[in-house]
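So you can see what is in the structure, the chains are spelled out below.
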Amino acid sequence: MRVLSGIQPSGKLHIGNYFGMMKPALALQGDNEVFLFIANYHALTSMGDPAEMRQFTLDVALDFLACGLDPAKTVFYRQSDIPEVNELAWLLSTVTPMGLLERGHSFKDKTARGMVSSHALFAYPVLMAADILIVNANVVPVGRDQKQHLEMTRDIAQKFNHRFGEVFKIPEAQIREDVAVVPGIDGEKMSKSYDNTIEIFGDSAGKTRKRIMSVVTDSKQLEDPKDPDTCNVFALYRLFANEAQAQEMRDNYAAGGYGYGHAKKALAELFEAHFAPMREKREELQNNLDYVEEVLRKGAERAREETAKVMGAAREAMGLA
Ligand code: ADP
Ligand code: TRP
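Parameters and conventions
Residues numbered from 1 in each chain as written. Chains lettered and ligands numbered in written order. Predicted model: local features only at pLDDT ≥ 70, side-chain atom pairs only at ≥ 80, totals over all residues. Heavy atoms only, no water. Near = heavy atom within 4 Å. Polar contact = N/O pair within 3.5 Å; in protein donor to acceptor, adjacent residues only side chain to side chain. Areas by Shrake-Rupley, 256 points an atom, 1.4 Å probe, with all protein chains shown as cover. Helix = DSSP H or I, 4+ residues; strand = E, 2+ residues; numbered from the N terminus. Nonpolar A, V, L, I, M, F, W, Y, C, P; charged D, E, K, R; others polar. Axes fitted to C-alpha atoms, helices over the stretch in contact; angles between N-to-C directions. Parallel < 35°, antiparallel > 145°, perpendicular 65-115°, else oblique. Contact = heavy atoms within 4.5 Å. Bend = angle between axes of the 7 residues up to and from the residue. Buried < 20%, exposed > 50% of the residue type's maximum accessible area, 1.4 Å probe, protein only. Pairing = 2+ DSSP bridges. Right-handed = clockwise from strand over helix to strand, strands pointing away. Core = buried A, V, L, I, M, F, W, Y, C linked by side-chain atoms within 4.5 Å. Phe/Tyr/Trp six-rings, centres within 6.5 Å; stacked < 30°, edge-to-face > 60°. Lys NZ or Arg CZ within 6 Å of the ring centre and 35° of its normal.

Focus on the site of ligand 2
In step 1: For ligand 2, the set of nearby residues contains 14 residues, the closest of which are Q8, Y124, M128, D131 and Q146.
In step 2: Here a nitrogen atom of ligand 2 sits 2.7 Å away from a polar atom, N or O, in the side chain of Y124.
In step 3: At 2.7 Å, a side-chain N or O of D131 approaches a nitrogen atom of ligand 2.
In step 4: In isolation ligand 2 has 370 Å² of accessible area, and contact with the protein removes 89% of it.
In step 5: With 4 residues, the top contributor of residues to the shell around ligand 2 is helix α7 (residues 119-133).
In step 6: Here the shell around ligand 2 is composed, by residue class, of 8 nonpolar, 5 polar and 1 charged.

Here it is as structure tokens:
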């Protein structure tokens, strides 16, 4: 199976990104051909500061490597090191109906929230289709918010194949239903655009704990029995806990006499235990940036061996070669 996923370098890694995309993608390493990339062309749709772009791009590289990306198993690269992806996006855009893009939730949401609409923001799903199709990926692990983008990719690939012959594989989204939407500290979907995230490496341990302690709950008192299935703290705790730990917290909730403060403390402890080794690894990498650059350079070289094949076939099919 060939797997591909990407993340935009547009902010600090949070546990929504980690559980929604990064962890499931990294779990596929070894048994599959995994391609992971830093979607810096995509991030240009929302960012304009070059220094920030460089910093966030490096952050994503460090985040992935610290969280377990193994460059011996996984092809890891920066999107802009594969400029052909833009050429493919152009070819695909010729078979992409305006109506398809006009129905894009992401475009509608972003402009409704005040983001300046640009051609790039509108055409974002076409570039995303190119990212996926250019390496012939079968499976794309993403959070649920990317579902429509994957449907658009399939649509675009089918339209192209119908017109020009079977050039592209039709990819599938892989959405882990149990972690499809990680709630933020306000209970809405965790997202860097909503200022409700719990960052993994961006904050000090003290600030992270404060964020965890501020997760919203209902107003039940200490002695009241509580419902884990409607509780944001439990939803987050579950992501870190093993079966026995999750069951124990369920029992505590049901029994009463167990406050949300206790649950948050338990969450903070599991959070810390989970990410401490990764934080250490990240600090090591931070002192070895030449290595990180080398990983990305080699990854791009390896990716281009694959992308060259698909690009050749697409050009040929359209009468460009
Ligand atoms: P953000 O919403 O913070 O801007 P991105 O859109 O950059 O995050 O998402 C990067 C990846 O992380 C995508 O695959 C996305 O589906 C996943 N993701 C982001 N937030 C969540 C969340 N709250 N729950 C599950 N997955 C998420
Ligand atoms: N749109 C994705 C996001 O915001 C990032 C992305 C760009 C991506 N190209 C991709 C994800 C290709 C999977 C496959 O999270």
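Quick word on the packing of helix α11 (residues 243-255) against helix α12 (residues 260-286)
Two quantities define a packed helix pair, namely the angle between the axes and the distance from one axis to the other.
In step 1: Where α11 contacts α12, the two axes come as close as 11 Å, and the packing angle between them is 170 degrees. Taken together, the axes of α11 and α12 are roughly antiparallel relative to one another. In this structure, α11 uses Q245, M249 and Y253 to contact α12, whose residues at the interface are Y260, A263, A266 and L270.
In step 2: Here the contact of α11 with α12 is composed, by residue class, of 6 nonpolar, 1 polar and no charged.

Overview of helix α1 (residues 15-27)
In step 1: At M21, α1 shows its largest kink, close to 30 degrees, and the proline P24 lies no more than four residues downstream.
In step 2: Counting buried positions over the 13 residues of α1 gives 11, a clear majority of the element.
In step 3: Along α1, the positions that sit buried rather than exposed are I15, G16, N17, Y18, F19, G20, M21, M22, P24, A25 and L26.
In step 4: Summarising the contacts, the buried residues of α1 are in contact with β1 (2-7), β2 (33-38), α3 (50-66), β4 (139-141), α10 (232-240) and α12.

Notes on the pairing of β2
In step 1: Counting buried residues in β2 gives 5 out of 6 residues, a clear majority hidden from the surface.
In step 2: Pairing analysis gives 6 bridges linking β1 to β2, with the strands arranged parallel. Within the sheet, the bridge partner assigned to R2 lies in β2 and is E33.
In step 3: Handedness of the crossover joining β1 and β2 through α1: right-handed.
In step 4: Inspection of the sheet shows β2 paired to strand β3 (residues 74-78) by 5 bridges, in the parallel sense. Opposite V34, over in β3, you have T74 as the bridge partner.

What about the nonpolar core?
In step 1: Judged by nonpolar contacts, the single largest core of 58 residues is most densely connected at I15, F64, F76, F240 and Y253.
In step 2: Secondary structure elements with two or more residues in this core: β1, α1, β2, α3, α10, α11, α12 and α13 (289-317).
In step 3: The element contributing the most residues to this core is α12, with 10 residues.
In step 4: L92, L127, V135 and I156 belong to the second largest nonpolar core, which has 45 residues in total.

A closer look at the environment of Y18
In step 1: With respect to the helices and strands, the residue Y18 is situated in helix α1.
In step 2: Overall, Y18 belongs to the buried group, its relative accessible area being 3%.
In step 3: Along the sequence, Y18 and C67 sit 49 residues apart, while their C-alpha atoms lie 8.8 Å from each other.
In step 4: Contact partners of Y18, with chain neighbours within four places excluded, come to K23, P24, C67, I200, H274, F275 and M278.

Considering the site of ligand 1
In step 1: Neighbouring ligand 1 are 18 residues, the closest being H14, G143, D145, V182 and K192.
In step 2: G16 is positioned with one of its backbone polar atoms (N or O) 3.2 Å from a nitrogen atom of ligand 1.
In step 3: Residue G143 places a main-chain N or O atom 2.9 Å away from an oxygen atom belonging to ligand 1.
In step 4: Considered on its own, ligand 1 offers 530 Å² of accessible surface; in the complex 92% of this is hidden by protein.
In step 5: If you tally residues by element for the shell around ligand 1, the top one is α1, at 4 residues.
In step 6: In terms of residue class, the shell around ligand 1 is made up of 8 nonpolar, 7 polar and 3 charged.

Quick look at unusual backbone geometry
In step 1: The phi dihedral of N136 is positive, around 60 degrees, even though this residue is not glycine.
In step 2: Of note in this structure, D195 is not a glycine but carries a positive phi near 50 degrees.
In step 3: Its location among the elements puts D195 in the loop between β5 (172-174) and α9 (205-213).

Concerning the packing of aromatic side chains
Each aromatic ring pair is specified by the distance between its two centres and by the angle formed by the two planes.
In step 1: A full pass over the atoms with the stated rule returns 14 aromatic pairs.
In step 2: Note on F64 and F76: the rings are 5.3 Å apart at their centroids and 65 degrees apart in plane angle, and the pair reads as edge-to-face. Here F64 is found in helix α3, whereas its partner F76 is found in strand β3, with 12 residues between them in sequence.
In step 3: Centre to centre, the rings of F107 and F122 are 5.1 Å apart; their planes meet at 75 degrees, and the pair counts as edge-to-face. On the criterion of sequence distance, the pair formed by F107 in helix α6 (residues 105-112) and F122 in helix α7 is long-range, its members being 15 residues apart.
In step 4: The structure contains a cluster of three or more aromatic residues connected by ring pairs, namely Y18, F19, F240, F271 and F275.
In step 5: Directly above the aromatic system of Y260 lies the positively charged group of K226, at a separation of 5.4 Å from the ring centroid.

Distances and angles like these do not, on their own, reveal function.
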